[in-house]
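Residues per chain, in single letters:
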Amino acid sequence: MTSVLLTKDSQVAVWKYLSSILEKDGLSVKIMTDHEEFYSYVEAHQFNEIDFVLVDMSSVQLDSFNPYSLFLDEGILIPVVVYNDPFPQCDRRAFYWALKNEEYFNPIFTVSKLAKYSTIWIRLQNLLESPEINPYISCICREKEFFPEGNVSSFEDFLRKNHLGGLKEKLISYLYDRKNRKAAVSEICMYLWNEDSQKTRRHLCTLVHELRNFLKNKNVTFLQLLRVSKETYMLSVISAG
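Residues numbered from 1 in each chain as written. Predicted model: local features only at pLDDT ≥ 70, side-chain atom pairs only at ≥ 80, totals over all residues. Heavy atoms only, no water.

Draft legend 1. Highlighting a nonpolar patch on the surface. A surface patch of nonpolar side chains, amounting to about 230 Å² of accessible area, comprises Leu-72, Leu-77 and Ile-108. Here Leu-77 shows up in the loop between helix H3 (67–74) and strand S4 (80–82). A relative accessible area of 39% means that Leu-77 is categorised as partly exposed. (Patch = residues over 30% accessible without salt bridge, like charges linked within 9 Å, V, L, I, M, F, W, Y side chains within 5 Å. Areas by Shrake-Rupley, 256 points an atom, 1.4 Å probe, with all protein chains shown as cover. Salt bridge = Lys/Arg side-chain N within 4 Å of Asp/Glu carboxyl O. Helix = DSSP H or I, 4+ residues; strand = E, 2+ residues; numbered from the N terminus. Buried < 20%, exposed > 50% of the residue type's maximum accessible area, 1.4 Å probe, protein only.)

In structure tokens:
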């Protein structure tokens, strides 16, 4: 399955990352940022080469530029997904995309005829709302800048790219082995220093503080080091899958 995306330069990095995930689900995304090149390419390759197009609403002025109407006027009969349209409920985006195409292209495209795209559209819908991706997607609110080297999605990638070493790596690896579960302060101290005392607990607080700052500065969003209670920590791990 193939799609062509029109977006703006600031969204290319996050879409390259998204595309690498979607490719595993069978969707190849060609990313373009020039309007004229985008429409020329779509017009030339519309027959049996493109399944649907993706449009970034922040890259066009939808009040004066409607991609649905433009495609219809030009006789380009390909489903259009304005993926960051703010109107649908987050968990209803895939159905909304089908409805919008039915509204403009009926009877060529209807909700039932577009059902073959439902799996990949729902996958995209869920990725767009994931905490790992959502802050970097341009919509009404200004998006955060996406740094590929920081936005790794597996713990192995994180360790390989960041070379923590020492107690920091030992601590985060210990917590990752217990991901999304509470870990007692006393057990962590015994693991790191073979001693649970006020001194080792102060050392642990310092380590946790340094790790949190490291994750924040590296823009690693899929790992969150939480203080659940006075006596427990937890590493919250958000999966991209």
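Draft legend 2. Here's a closer look at the confidence of the model for the chain. Here the chain averages 84 in pLDDT, while 88% of its residues score no lower than 70. In the model of the chain, helix H6 (residues 155–162) stands out as the element of lowest mean pLDDT, 78, in contrast to strand S2 (residues 28–32), which has the highest, 96. (pLDDT = per-residue confidence, 0-100.)

Draft legend 3. Representation of the packing of helix H4 (residues 93–105) against helix H5 (residues 118–129) within the structure. One way to put it is that H4 packs onto H5 with a least axis distance of 8 Å and a crossing angle of 125°. When the axes of H4 and H5 are compared, the pair comes out oblique. Contacts between H4 and H5 involve Arg-93, Ala-94, Trp-97, Ala-98 and Asn-101 from the former and Trp-121, Ile-122, Leu-124, Gln-125, Leu-128 and Glu-129 from the latter. Classifying every residue of the contact of H4 with H5 gives seven nonpolar, two polar and two charged. (Axes fitted to C-alpha atoms, helices over the stretch in contact; angles between N-to-C directions. Parallel < 35°, antiparallel > 145°, perpendicular 65-115°, else oblique. Contact = heavy atoms within 4.5 Å. Nonpolar A, V, L, I, M, F, W, Y, C, P; charged D, E, K, R; others polar.)

Draft legend 4. Local environment of the sheet that holds strand S1 (residues 2–6). Read across the sheet, four strands follow the order S2-S1-S3-S4 without closing on themselves; strand pairing throughout is parallel. Each of the sheet's edge strands pairs with one partner strand only, and the pair in question is S2 and S4. Averaged over all pairs of adjacent strands, the angle between strand axes in this sheet comes to 25°, irrespective of strand direction. When strand S3 (residues 52–55) meets S4, the two strands line up parallel, connected through three bridges. In the strand pairing of S4, Leu-54 is matched with Val-81. Relative to S4, H3 is tilted by about 165°, and along the sheet it contacts S3 and S4. (Pairing = 2+ DSSP bridges.)

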